[in-house]
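Structural characterization, general
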Amino acid sequence: MARGRFITFEGGEGAGKSTQVRRLVERLRVAGHDVVATREPGGSTGAEAIRDLVLKGSADRWSPVTETLLMYAARRDHIERAIAPALERGAWVVCDRFFDSTRAYQGGAGGVAPGLIAALENHVVADVRPDLTLIFDLPVAVGLARAETHAAAAGHAETRFESKGAAFHERLRAAFQAIAAAEPDRCALIDAADTIEGVEAQVWAAVADRLAIHG
Ligand SMILES: Nc1ncnc2c1ncn2[C@@H]1O[C@H](COP(=O)(O)OP(=O)(O)O)[C@@H](O)[C@H]1O
Ligand SMILES: [Mg+2]
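Attention in this report is confined to the structure presented alongside it. Given the structure is predicted, the values throughout are model-derived calculations rather than measurements. (Residues numbered from 1 in each chain as written. Chains lettered and ligands numbered in written order. Predicted model: local features only at pLDDT ≥ 70, side-chain atom pairs only at ≥ 80, totals over all residues. Heavy atoms only, no water.)

**Some details on helix 6 (residues 140-154)**
In this model helix 6 runs 21 Å from its N-terminal to its C-terminal C-alpha over 15 residues, within 8% of the 21 Å that 1.5 Å per residue would give. Of all the residues in helix 6, the buried ones are Val140, Gly143, Ala147 and Ala151. The arc that holds every buried residue of helix 6, seen down its axis, measures 70°, which confines them to one face. Exposed and facing more than 90 degrees away from the buried side of helix 6 are Ala141, Glu148, Thr149, Ala152 and Ala153. If you follow the buried residues of helix 6, they end up packed against helix 7 (166-182). (Helix = DSSP H or I, 4+ residues; strand = E, 2+ residues; numbered from the N terminus. Expected span 1.5 Å × (residues − 1). Buried < 20%, exposed > 50% of the residue type's maximum accessible area, 1.4 Å probe, protein only. Arc of directions from axis to C-beta. Contact = heavy atoms within 4.5 Å.)

Following this line, the structure appears as structure tokens:
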């Protein structure tokens with residue numbers, strides 16, 4: 001059995017990632033693929049417990065380095081127990097956030113040394129790297145307004161990251177854009193300010209083009 005494909009969604013808060021993960025997963029299933037939908041931080045029992053530590057509480061609850069280590073502890077559990085076994089059995093894995101979020105949030109926006117993050121990627125992620133990463137790009141104010149509306153509708157408060165302020169989110173956007181520019185073979189930049197249907201079409205075009213599937 002050939003290894004399955006690994007697709008990740010990245011970008012700031014309110015960019016539309018979760019909305020489009022659901023749509024892509026549905027389309028891939030209709031096309032006949034065995035698909036595992038998952039998310040970070042989280043995606044396994046242990047990693048979901050770490051998710052609560054990382055996303056809840058005050059914005060300065062953890063330093064960026066501590067956050068990086070928590071994210072990587074969660075990521076390792078998620079890879080060992082969910083992502084790697086699914087890929088090995090030939091399933092496609094679609095993940096809402098993955099290692100680019102650590103590079104962008106804790107690295108680019110949070111100031112953690114790129115060398116620490118690169119070392120963690122090499123030792124902890126190793127060869128479980130995405131085949132395709134969709135990076136959702138949109139103006140910071142639009143994303144934060146969407147996230148705020150969404151949180152209010154869902155009846156929960158903003159997360160630690162949503163409350164970090166505009167300058168943080170501008171650095172975050174720039175960091176994601178830099179990742180897309182540095183790794184064009186792996187990454188596709190998506191115009192997330194488009195309509196939900198427009199973004200869905202961009203995502204499907206990137207998946208069909210880069211991973212050579214039809215459906
Ligand atoms: N293209 C879009 N245009 C307008 N609103 C959108 C779009 N995509 C998602 N939304 C809405 O914005 C909010 C945040 O979307 P979500 O998919 O949860 O974003 P993310 O997972 O990137 O934080 C939701 O209320 C969603 O319905
Ligand atoms: Mg989401």
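Next, the rest of the story.
**Some words on the packing of aromatic side chains**
Taken as a whole, this structure holds 6 aromatic pairs when the rule is applied. When the centroid spacing of 5.2 Å and the interplanar angle of 35° are considered together, the rings of phenylalanine 98 and phenylalanine 99 count as tilted. Neither phenylalanine 98 nor phenylalanine 99 differs from the other in exposure class; each is buried. Counting every residue linked through ring pairs, the aromatic cluster contains Tyr105, Phe161, Phe168 and Phe176. For the cation-ring pair, arginine 75 lies above phenylalanine 98, with the distance from its terminal atom to the ring centre recorded as 5.3 Å. The ring centre of phenylalanine 161 lies 5.5 Å from the NZ or CZ of arginine 160, which sits over that ring. (Phe/Tyr/Trp six-rings, centres within 6.5 Å; stacked < 30°, edge-to-face > 60°. Lys NZ or Arg CZ within 6 Å of the ring centre and 35° of its normal.)

**Examining the site of ligand 1**
Residues in contact with ligand 1 amount to 13 residues; listed here are only the nearest, Gly14, Lys17, Ser18, Thr19 and Asp194. Contact between ligand 1 and glycine 16: an oxygen atom at 2.9 Å from a main-chain N or O atom of the residue. In this structure, threonine 19 approaches ligand 1 through a side-chain N or O atom, which is 2.6 Å from an oxygen atom. In a pocket analysis with a 2 Å cut-off to the grid points, ligand 1 is assigned to the largest pocket. For the shell around ligand 1, the secondary structure elements donating two or more residues are helix 1 (17-30) and helix 6. Per-element tally for the shell around ligand 1: the top contributor is helix 1, with 3 residues. (Near = heavy atom within 4 Å. Polar contact = N/O pair within 3.5 Å; in protein donor to acceptor, adjacent residues only side chain to side chain. 1 Å grid on protein atoms, 1.4 Å probe; cavity = no way out; pocket = protein on both sides within 12 Å on 5 of 7 lines; lining within 4 Å. Sits in = over half its atoms within 2 Å of the grid points.)

**Here we look at the side chain of serine 101**
Mapped onto the elements, serine 101 comes out in helix 4 (residues 99-109). Not counting the four nearest positions on each side in its chain, serine 101 is found in contact with Glu10, Gln106 and Phe176.

**Focus: the environment of methionine 71**
Here methionine 71 is to be found in helix 3 (residues 64-88). With relative accessibility at 8%, the residue methionine 71 sits in the buried group. Considering only alpha carbons, one finds methionine 71 and arginine 61, 10 residues apart in sequence, at a separation of 14 Å. With residues up to four places along the chain from it excluded, the contact list for methionine 71 reads Pro41, Val54, Thr102, Gln106 and Phe161.

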